[in-house]
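# Observations on chain architecture
Here is how the chains run, residue by residue.
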Amino acid sequence: MKLTNEERDMLNGRNGNAVRQSMEILVSLGEIFGAKRLIDVASVQIAGVSYHNLGDAGLNYLADLAKDGKVKVLTTLNPAGMDMENWKVLGIPADFAEKQIAVIDAFKKMGVTATCTCTPYFVGNSPGFGSHVAWAESSAVCYANSVLGLKTNREGGPSALASALTGKTPEFGMHLEENRQAQVAVNVNAKMETVTDFGALGHVIGNKIGNKVSYIRGIEKASTEQLKSFCASIATYGGAALFHMEGITPNRTSIPQESISVSQKDIDDAKKEMNDNGEPDIYSIGCPHLSLKEMGEIAGMLKGRTVKKEMWICVARPVKEDADKKGYVKTIEDSGAKIACDTCMVVAPIKGRFKCLATDSAKGCFYGRGKNKFKVIFREIPQLIEEATA
Ligand code: F3S
């Protein structure tokens with residue numbers, strides 16, 4: 001891989017240890033994937049933030065980099081293992097909280113914006129169309145490439161942090177136009193009206209074509225919230241980093257010869273597959289984290305009602321602050337539902353505390369089962385609220 005003089009100096013340690021280690025990661029990655037050069041990134045989203053996933057080894061790695069590392073571009077964080085302010089209300093143990101705070105402190109020392117959310121595009125991390133970025137978090141990567149028109153590979157935690165500390169990423173994969181062309185056309189012959197319809201669609205397409213770039217036809221309109229749900233689902237069930245949706249998403253592509261179809265039965269079967277036989281003991285809404293519009297709708301549905309089960313409403317802290325100004329937070333909290341900022345029911349250490357998760361998120365069903373060994377129930381938000389308040 002060809003490096004500039006400045007990049008060579010970084011690799012040789014002239015800019016300190018954290019930069020040297022980061023360049024070693026990026027150059028190795030670039031060589032493995034055949035990149036010809038490094039390119040500048042406009043922003044970074046780091047995943048692997050929960051102490052639950054990092055453990056002491058990860059914490060020590062971060063503390064070491066924080067000795068002399070400083071981020072070069074806007075960098076935000078994925079959800080952590082707890083609400084950084086309200087962790088006691090969510091039942092997080094104090095010894096876990098101490099470690100999680102140390103993790104976030106290490107990131108802050110490096111200059112990272114410590115907003116922990118999987119919807120960085122709702123909180124100001126959203127550079128202009130066509131910008132190269134280095135984002136981790138599969139749902140956000142898919143949203144960035146497909147909906148925002150950014151260009152990013154599916155980064156891992158260490159490679160995203162390395163990009164943050166250097167402002168660089170190797171140019172391969174989704175950074176190159178030839179890899180962003182659709183490979184399979186998908187003809188959707190099903191009713192697409194709700195967030196869970198879109199979650200189920202991601203489940204179906206992901207299972208049918210894996211991580212291939214799709215060109216999706218037959219959808220008349222899709223809201224931000226529906227696309228957010230679809231991105232999380234197609235990235236989870238198939239591993240896609242990019243799709244094109246005819247008349248809806250902004251990137252240009254050639255139209256592929258190969259095609260598949262999605263029927264109403266496919267969607268209905270996917271919904272059935274995400275429903276186990278269980279009695280929910282935790283309800284969680286906001287996977288990916290909620291928009292302000294969704295917060296308003298949920299407040300409207302919860303107004304004057306009492307939640308009788310554990311219910312988490314997961315949202316980025318700045319969105320919660322905006323929701324607070326509109327009175328939504330008080331209405332939600334008055335119902336007994338708990339607002340969970342900075343975290344979610346997948347990355348928080350709640351395995352064993354609950355048995356059955358009810359959610360509107362297809363991604364949440366996948367990880368609820370796989371990671372936390374929960375049974376899952378997949379429902380629209382109004383139904384979830386109806387059941388939790390009955
Ligand atoms: Fe976000 Fe957690 Fe879902 S990180 S996409 S709310 S699993």
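Residues numbered from 1 in each chain as written. Predicted model: local features only at pLDDT ≥ 70, side-chain atom pairs only at ≥ 80, totals over all residues. Heavy atoms only, no water.

It is worth spelling out the sheet that holds strand β14 (residues 338-341) at this point. Judged by pairing direction, the sheet is parallel, and its five strands sit side by side in the order β14-β13-β12-β15-β16 without closing on themselves. Edge strands, defined here as strands with exactly one partner in the open sheet, are β14 and β16 (375-378). The mean inter-strand angle of the sheet, taken between neighbouring strand axes irrespective of direction, is 25 degrees. Sheet topology places strand β13 (residues 310-315) next to β14; four bridges connect them, and they run parallel. Its bridge partner being in β14, V315 is matched across the sheet by C341. (Pairing = 2+ DSSP bridges. Helix = DSSP H or I, 4+ residues; strand = E, 2+ residues; numbered from the N terminus. Axes fitted to C-alpha atoms, helices over the stretch in contact; angles between N-to-C directions.)

Turning our attention to the domain arrangement of the protein. Domain assignment breaks the protein into domain 1 (5-176), domain 2 (181-265) and domain 3 (282-389). A C-alpha centroid distance of 27 Å is found between domain 1 and domain 2. Residue-level contacts link 15 residues of domain 1 with 16 residues of domain 2. The junction of domain 1 with domain 2 conceals about 1300 Å² of combined surface from both sides, 70% of it contributed by carbon and sulfur atoms. A per-residue breakdown of the area domain 1 buries against domain 2 is headed by C142, S146 and R154, which together make up 37% of the total. Linking domain 1 with domain 2 are five residue pairs in polar contact (both at pLDDT 80 or more), by the criterion used here. Per-element accounting of the side of domain 1 that touches domain 2 gives the leading share, eight residues, to helix α5 (residues 138-148). Of the residues belonging to the side of domain 1 that touches domain 2, the class tally is eight nonpolar, six polar and one charged. (Domains from an automatic or database assignment. Contact = heavy atoms within 4.5 Å. Buried area = accessible area lost by both parts, 1.4 Å probe. Polar contact = N/O pair within 3.5 Å; in protein donor to acceptor, adjacent residues only side chain to side chain. Nonpolar A, V, L, I, M, F, W, Y, C, P; charged D, E, K, R; others polar.)

Moving on to the sheet that holds strand β10 (residues 243-245). Ordered in space as β10-β9-β8-β11, the four strands form an open sheet in which the pairing is parallel. Here the strands that pair on one side only, and so sit at the sheet edges, are β10 and β11 (259-263). Neighbouring strand axes in the sheet, compared pairwise and without regard to direction, differ in orientation by 25 degrees on average. Across four bridges, strand β8 (residues 184-189) lies against strand β9 (residues 214-217) in parallel orientation. In the strand pairing of β9, N187 is matched with R217. Of the strands in this sheet, β9 and β10 are in contact with helix α8 (residues 224-237), which crosses β10 at around 145 degrees. Of the strands in this sheet, β8 and β11 touch helix α9 (residues 264-273), which is tilted by about 65 degrees from β11.

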